[in-house]
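# A structural walkthrough
What follows is each chain in one-letter form.
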Amino acid sequence: MTKESEMDRPLLAVEGLHISVEGKEILKGLDLSVNAGELHALMGPNGSGKSTLSFCLMGHPKYEITAGKIRYRQEDIATLSPDERARRGIFLAFQYPTAIPGVTIANFLRAALRGVRGGDVPVKEFRQTVKTHLKALGIPDAFMNRYVNDGFSGGEKKRLEILQMAVLSPLLAVLDETDSGLDIDALKTVAAGINALRSPQRGILVITHYQRLLNYVKPDAVHVMMDGRIVRSGGSELALELESKGYEGFRLPTAPIEVGA
Amino acid sequence: MSAAKPNVQINEDYEKLYGFHVPEHAVFKAELGLDEGKVRQISGMKGEPSWMLDFRLRGFRHYRQKPMPQWANTELLNSIKFDDIYYYLKPTEKKSESWEDVPAEIKETFDRLGIPEAERKFLAGVSAQYESESVYHSMREDLQKQGVIFLDMDTGLKEQPEIVKRYFGTVIPPADNKFAALNTATWSGGSFIYVPKGIKVEMPLQAYFRINAKNMGQFERTLIIADEGAEVTYIEGCTAPSYSSDSLHSAVVELIALPHAKLRYVTIQNWSKNVYNLVTKRAIAHEGATVEWLDGNLGCVGEGERVYSESGPTPIEAVQPGTRVWSFDESARQWLLCPVVARKDSGEQQVYEVRCSNGRAVRLTANHPLLKIHRDPSRPKKLGRYSLRWTPLEELSVGDWIVYPTALPTEGVVHRFRQPVLNGHFTGKNQYGASYTVNSHARLPIALPREADEDACWMLGLWLADGDAAVIDGNAGRPRFGRVGWSVPRGDRARRRLVRLLNQCVGKPRLSERKDGHYFRVNSLEFALWLKANGLSSGARRKRVPGWAFTLPPRMRLSFLAGYLDGDGHAQNRGVTVKSASRELLSDIQALATVCGMHASAVHTAQVKLDINQTGQLKSYVTHSLALSRVQTLRSFLSPRLRSRVKPARHPQHYHSLTGLRATDLLPETAGATRITAIHHARMARTYDLQVDGTCSFVVNGLLVHNSRLTMKYPGVYLMGRGARGEVLSVAFASDGQHQDAGAKMIHAAPDTSSVITSKSISKGTGRTSYRGLVKVYPGAVNAKSTVRCDALLLNPESRSDTYPTMEIDEKRVQIGHEATVSKIGDEQLFYAMSRGLKEQEAMSMIVNGFIEPFVKALPLEYAVELNRLVQLEMEGAVG
């Protein structure tokens, strides 16, 4: 790993992970380790299994772990339900957030915060927290009375994800292509949101296609993922190399070679 | 199985049943104790203007002329005491303007709904009707300044006679139907709302009605007028806490939306206990006006029907939340005791009586589901053509097989007899005034059992058949003497065992026999009081099986039953028949036999001529009889003589074999199938429903029924002016095995009218929702537009939703659209919410609440709270 953290054990350790969806193997022995305080970028072409990894980290019931382990703060979380993972401090910013018509963002966020904290949240405190984050993200207050992702533009959806991340302040945040489909202003807002969250206690995994987000968010490590496993890891310079060479340059020969992280 | 439809077609008959049209072939006239003089008197006491008196008299004449609808309960009508109306009109209670003066009961209603006090006060105008008399009335000052009138109808007539005169009876004229005519003649109370031109009332106005006296006819009259361009929402909630079965509620509600006005009317009746029959409600939307309507109701079991609970059969109205009742767990296929979460009073409703081949019968509303053995001939035989399916009564026909419990498994508890409190000493006085203590001779030694055993149970069962007891009070009004007797003659089959048992208690010398040898008794106050304390009261008509007998361990239960049969039963083929003068006692025995796993017939009633007292003259008696079969388990408990007369069973006992069905595959040992032999149209009855935790079903009168919960009635809007708009928004929630209806009626009678019907339904588990609606367009209503939107949310793959739109379109140039969307709670939605830390169930209810949000938004706070609570209640057990 590129940087030594105060904690000798990683926040997230994925070891030899194999995942199948409806009988089809998508992740084929993925190893990844994220320490507290680090921001990792996971890059890869379409269909390489990036989103599968993110869903799997959150505990989507459709994804079946056939081999390997996911350890989060030394705990094997494979059998935990999504809400239990959320309560332990894992957060996933969705690539395609789902709409829940009729449920206001305010209600949703409050229920989420209550769920994550495991206890009631005083209205006053909640309002203040939300207000601060709304301001930081440049979102109008009226946003809170809209229904979750119902009729949202792409940018609004992503902003909501960042807002949720900020309010829930997770220990491990996984951002699944949060930058895709954003105009430059929205991208900057999202990046600012991510940067604001960076702290020595937190680990962040940013999943992205493009290098452009990494102009605003400085990663500690970059991993290139292809065909269900990580083929290359390196520092932020790797992202630039990727930008120039394209993913083709990283494509493995017919027999996959193990590349150490 | 017969494919014929039963004579229950509540949906088709809706108009007829709920009073939009009265069939002309009805015959009898009821006098009602109402005459012209009384109508005049009512009007006079109220000091009404003469035109109102004329109006009342017109109503009265129409009432006299109109035939009584066949379905009406004439007894109920005859029992109305019109004098009571005078009583309630007396201004005995002053209207109170402050919150402190509001009756505690109404405050409790708010408490029950969980509304914080501050918010209650915030509600714009609260008007409460208490026995026809408005006791609390307040209006926000700014509304008053704007000229909004919100009064009770009587005051409205006094203060605003011109407005009332102009609109009263224009939507529902006195001649509309018999009950509207009766209401016109006798009305009292109700709400009167007038919103002046262009005024928009933002907060909903609402009224709470209470009816709580016996024989109390409520004839309230509501008139709501939204003048040109005005906007108003009115919420009606009704509470009827001790509304008795012999009272009547016949209201008339007229809504008028004048050109370009917007009127919204909400009734959510059963959520706050309502009375729903004989009410005529109609809205008229004039040119460019909008009427929105929200309406809800529940279906239920008739009053007095007995629910089998842990403490024996209990009348449904007496079942308290928390009591455990017998219920069927379909997945485990076994009978379980499940706690009742809530009991709902659903007011007067049309009920139907279902009779079954095993003699059991129950009265239910048409939407109550029973567990039917469903045959699907299209399925391959190997996979089995039969399945269990909850089917509402309205879809069942004579010949269908339904499931009932043959034996309710219970370990039972040994009853500890209550010991009477006896005053052992009296103070005597001699002639010089000195007092001394006298030991009561009631305290002569008697060894009564402390807890139930087989012998004691048998003895008490026999006492129930042949015994009597009396307690005679002394001068001081305290019980002084007591005796317990048996008419068990010498040589009777039960005599020897009884005498032996009594000897153990009291010793032989204390048994005094009558000379003829037919009767003997024990003179013991303690014994008599002991019987009383344990729920055994003397008298042929008062005797009942005490509740504890139902919860005894099986052998003691059988002993108790055997004791009763040794007294009053006689062998008939392979069963035992029993006769009694008390119908109630026999239905207790019926239930007890059922709990013991026997087959009990219905209680039959006959008139017999007998010479019981051997006076040489025949006297006429009403006697009831009950036949018990499949009594194998009971045989060994009976006296030898009776046992020898009951023929042994021919075959080992099997459950009903249906042709081509091995019912045992479908049903556990403890359940049987019985054929429906008749479904009768019964009278209106007070109805209740139970919410049972988990399984949602319960056993009534020995038959398994499912609770019915939320269904929607069909509000109607008449679009009479060009450009008028009507909207109905409804929500229905069907959980496992239920079938819920939602719908609306829209009558387009003018050009450019439009209507929107939005029906939101949620189906959970095997629940099924339907939309049934009528859109009628009269000739000439060109460019009428109607959109019917049915949104269904299915929570499980087995859930189902149907739409049955009816369109009667007599005009060519119209646009009628029907749109049905079905959405499922996607795994993705669920995953998204859960990934944010919401538990699965929380996530589910949040999604469901979101789905019905457009409905909830239209409700004032307390109803929204109530609805959300209801959804949460419904959602419990939805997952996991």
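Heads up: the structure comes first, above all this text.
Here the structure is a predicted model, which is why all the values come from computation and not from measurement.

Within chain B, the regular secondary structure consists of 23 helices and 46 strands. Long-range pairs, those at least 24 residues apart, make up 77% of the contacts in chain B with a sequence separation of at least 6.

Quick look at the overall build of chain A now. Within chain A one finds 7 helices and 12 strands. Split into buried and exposed, the 261 residues of chain A put 53% on the buried side. Relative to all contacts within chain A whose residues are 6 or more apart in sequence, the contacts with residues 24 or more apart total 70%. For chain A, the accessible surface area stands at approximately 11,500 Å², while carbon and sulfur atoms represent 50% of it.

As a further point, take helix 20 (residues 827-834) of chain B. Each α-helix winds once per 3.6 residues, and so residues spaced three or four apart point in a common direction. Summarising burial for helix 20 of chain B: 6 of the 8 residues are buried, a large majority. Those residues of helix 20 of chain B that sit buried are Q829(B), L830(B), F831(B), Y832(B), A833(B) and M834(B).

Before going further, it helps to examine the interface of chain A and chain B. Often, the extent of an interface is quoted as the loss of accessible area upon association of its parts. The interface of chain A with chain B comprises 36 residues on the first partner and 18 residues on the second. Counting the contacts that link chain A with chain B gives 1 salt bridge. Residue R836(B) is joined to E161(A) by a salt bridge in which the shortest nitrogen-to-oxygen separation is 2.5 Å. Counting across the interface, chain A meets chain B through 9 residue pairs in polar contact (both at pLDDT 80 or more). The element that contributes the greatest number of residues to the side of chain A that touches chain B is helix 3 (residues 105-117) of chain A, accounting for 7 residues. Across the side of chain A that touches chain B, the residue classes tally to 22 nonpolar, 9 polar and 5 charged.

This part takes up the sheet that holds strand 3 (residues 39-43) of chain A. All names here are of chain A. Taken in spatial order, the 6 strands make up an open sheet running 6-9-10-3-11-12, and their pairing is mixed. Each edge of the open sheet carries a strand with a single partner, namely strand 6 (90-93) and strand 12 (229-234). Neighbour to neighbour, the strand axes of the sheet diverge by 20° on average, direction disregarded. For strand 3 and strand 10 (residues 203-208), the ladder comprises 5 bridges, and the chain directions are parallel. Within strand 10, the residue paired with L39 across the bridge is I204. Against the sheet, helix 7 (residues 237-245) contacts strand 3, strand 11 (221-226) and strand 12, and its axis sits at roughly 115° relative to strand 12.

Counting 89 residues, the largest nonpolar core has L17(A), L53(A), L163(A), L175(A) and I194(A) as its most contacted members. Of the residues forming this core, the biggest block, 7 residues, is contributed by helix 3 of chain A. Other than its neighbours up to four places away in sequence, L53(A) contacts L17(A), L27(A), L30(A), L32(A), L42(A) and L205(A). If you look at the next biggest cluster of nonpolar residues, it comprises 80 residues, including W390(B), V403(B), F560(B) and A671(B).

A few words now on the pattern of salt bridges. A full pass over the atoms with the stated rule returns 33 salt bridges over all chains. A salt bridge links K50(A) to E177(A); its shortest N-O distance comes to 3.7 Å. Linking K50(A) in helix 1 (residues 50-58) with E177(A) in the loop between strand 9 (172-176) and helix 6 (184-197), this pair joins segments that are 127 residues apart in sequence. Both residues of the pair, K50(A) and E177(A), count as buried. We note a salt bridge from R483(B) to D468(B), for which the minimum N-O separation is 3.6 Å. Of this pair, R483(B) sits in strand 26 (residues 479-486) while D468(B) sits in strand 25 (residues 467-473); the two residues are 15 residues apart in sequence, bridging distant segments of the chain. One salt-bridge network, held together by shared partners, links R232(A), E241(A) and K245(A).

What follows covers the packing of helix 15 (residues 554-568) of chain B against helix 16 (residues 583-595) of chain B. Residue and element names in this part refer to chain B. As a packed pair, helix 15 and helix 16 sit with axes 10 Å apart at the nearest point and diverge in direction by 140°. Comparing the axis directions of helix 15 and helix 16 gives the class oblique. As for how helix 15 packs across helix 16, the hand of that crossing is left-handed. For the pair formed by helix 15 and helix 16, the contact residues are R557, F560, L561 and Y564 on the first element and L585, L586, I589, L592, A593 and V595 on the second. Across the contact of helix 15 with helix 16, the residue classes break down as 9 nonpolar, no polar and 1 charged.

A few words on the sheet that holds strand 4 (residues 63-72) of chain A. Residues and elements named next belong to chain A. Spatially, the 4 strands line up as an open sheet ordered 2-1-4-5, and their pairing is antiparallel. Looking at which strands have only one partner, the edges of the open sheet turn out to be strand 2 (24-34) and strand 5 (75-76). Where strand 1 (residues 12-21) lies against strand 4, 8 bridges are found, and the strand directions are antiparallel. Looking at the pairing, A13 lines up with R71 of strand 4. Against the sheet, helix 1 makes contact with strand 1, strand 2 and strand 4, and its axis sits at roughly 110° relative to strand 1, the strand it touches most.

Turning next to the pairing of strand 10 (residues 252-257) of chain B. Residue and element names in this part refer to chain B. Where burial is concerned, most of strand 10 is hidden: 6 out of the 6 residues are buried. Both strand 10 and strand 12 (residues 280-285) contribute to a ladder of 6 bridges, which runs parallel. Following the sheet pairing, I256 is matched in strand 12 by I284.

Backbone geometry at D227(A) places phi at a positive 50°, although glycine is not the residue there. Positionally, D227(A) belongs in the loop between strand 11 and strand 12. Judged by its relative accessible area of 48%, D227(A) falls in the partly exposed class. In this structure, H260(B) is a non-glycine residue whose phi angle is positive, near 65°. Here H260(B) shows up in the loop between strand 10 and strand 11 (262-268).

This paragraph deals with the packing of aromatic side chains. Aromatic ring pairs are described here by two measures, namely the spacing of the ring centres and the angle between the planes. Residues and elements named next belong to chain B. Evaluation of the coordinates by the stated rule reveals 17 aromatic pairs over all chains. Over the face of the ring belonging to W463 we find K543, whose NZ or CZ atom lies 5.1 Å from the ring centre. Directly above the ring of Y778 sits K776, whose terminal nitrogen or CZ lies 5.0 Å from the centroid.

All names here are of chain B. Between helix 3 (residues 50-65) and helix 11 (residues 178-186), the least distance of the axes is 7 Å, while the angle of their chain directions is 145°. The element helix 3 and its partner helix 11 pack so that their crossing is left-handed. For the pair helix 3 and helix 11, the contacting residues are F55, R56, G59, F60, H62, Y63 and R64 in the first and K178, A181, L182, T184, A185 and T186 in the second. Each residue belonging to the contact of helix 3 with helix 11 can be placed in one class, and the counts come to 6 nonpolar, 4 polar and 3 charged.

The rules behind these values
- All residue numbers refer to position in the chain's written sequence, counted from 1.
- Each chain gets a letter, beginning with A, and each ligand a number, beginning with 1, in the order they are written.
- Note on the predicted model: pLDDT of at least 70 is required for a residue's local features to be given, and 80 or more for side-chain atom pairs to be given and counted; whole-chain, interface and lining totals, by contrast, use all residues.
- Note that water and hydrogens are dropped before the side-chain values are worked out from all heavy atoms of the structure.
- Secondary structure elements follow DSSP: runs of H or I no shorter than four residues count as helices, runs of E no shorter than two count as strands, and numbering proceeds from the N terminus.
- Contacts were defined at the residue level, with two residues in contact if any of their heavy atoms lie within 4.5 Å.
- The buried label applies to any residue whose accessible area, calculated with a 1.4 Å probe on protein chains only, is under 20% of its type's maximum; exposed applies above 50%, and partly exposed to all values in between.
- For the accessible areas, the method is Shrake-Rupley and the probe is 1.4 Å, while residue cover comes only from the protein chains on display.
- Counted as salt bridges are all cases of a side-chain nitrogen of Lys or Arg within 4 Å of a carboxyl oxygen of Asp or Glu.
- Here a polar contact means two N or O atoms within 3.5 Å. Within protein one must be a hydrogen donor candidate and the other an acceptor candidate, and residues neighboring in sequence count only if both atoms are side-chain atoms.
- Residues are grouped as follows: Ala, Val, Leu, Ile, Met, Phe, Trp, Tyr, Cys and Pro are nonpolar; Asp, Glu, Lys and Arg are charged; every other residue, Gly included, is polar.
- Strands are labelled as partners when DSSP assigns at least two bridges between them.
- Inter-axis angles, ranging from 0 to 180 degrees, are taken between N-to-C directions of lines fitted to C-alpha atoms, where helices are fitted over the stretch in contact.
- Think of a nonpolar core as a cluster: buried Ala, Val, Leu, Ile, Met, Phe, Trp, Tyr and Cys residues, connected wherever their side-chain atoms sit within 4.5 Å.
- Should an angle fall under 35 degrees it is taken as roughly parallel, and over 145 as roughly antiparallel, whereas 65 to 115 is taken as roughly perpendicular and any remaining angle as oblique.
- Crossings are sorted by hand: turned counterclockwise from the far helix by less than a right angle, the near helix makes the crossing left-handed, and turned clockwise it makes it right-handed.
- A pair of aromatic rings is counted whenever rings of Phe, Tyr or Trp (Trp by its six-membered ring) have centres within 6.5 Å, and the orientation is called stacked for planes under 30 degrees apart, edge-to-face for over 60 and tilted otherwise.
- Throughout this description, the term charge over a ring refers to an Arg CZ or Lys NZ atom that lies within 6 Å of the ring centre and within 35 degrees of the ring normal.

Limitation: the analysis is restricted to geometry and does not speak to function.
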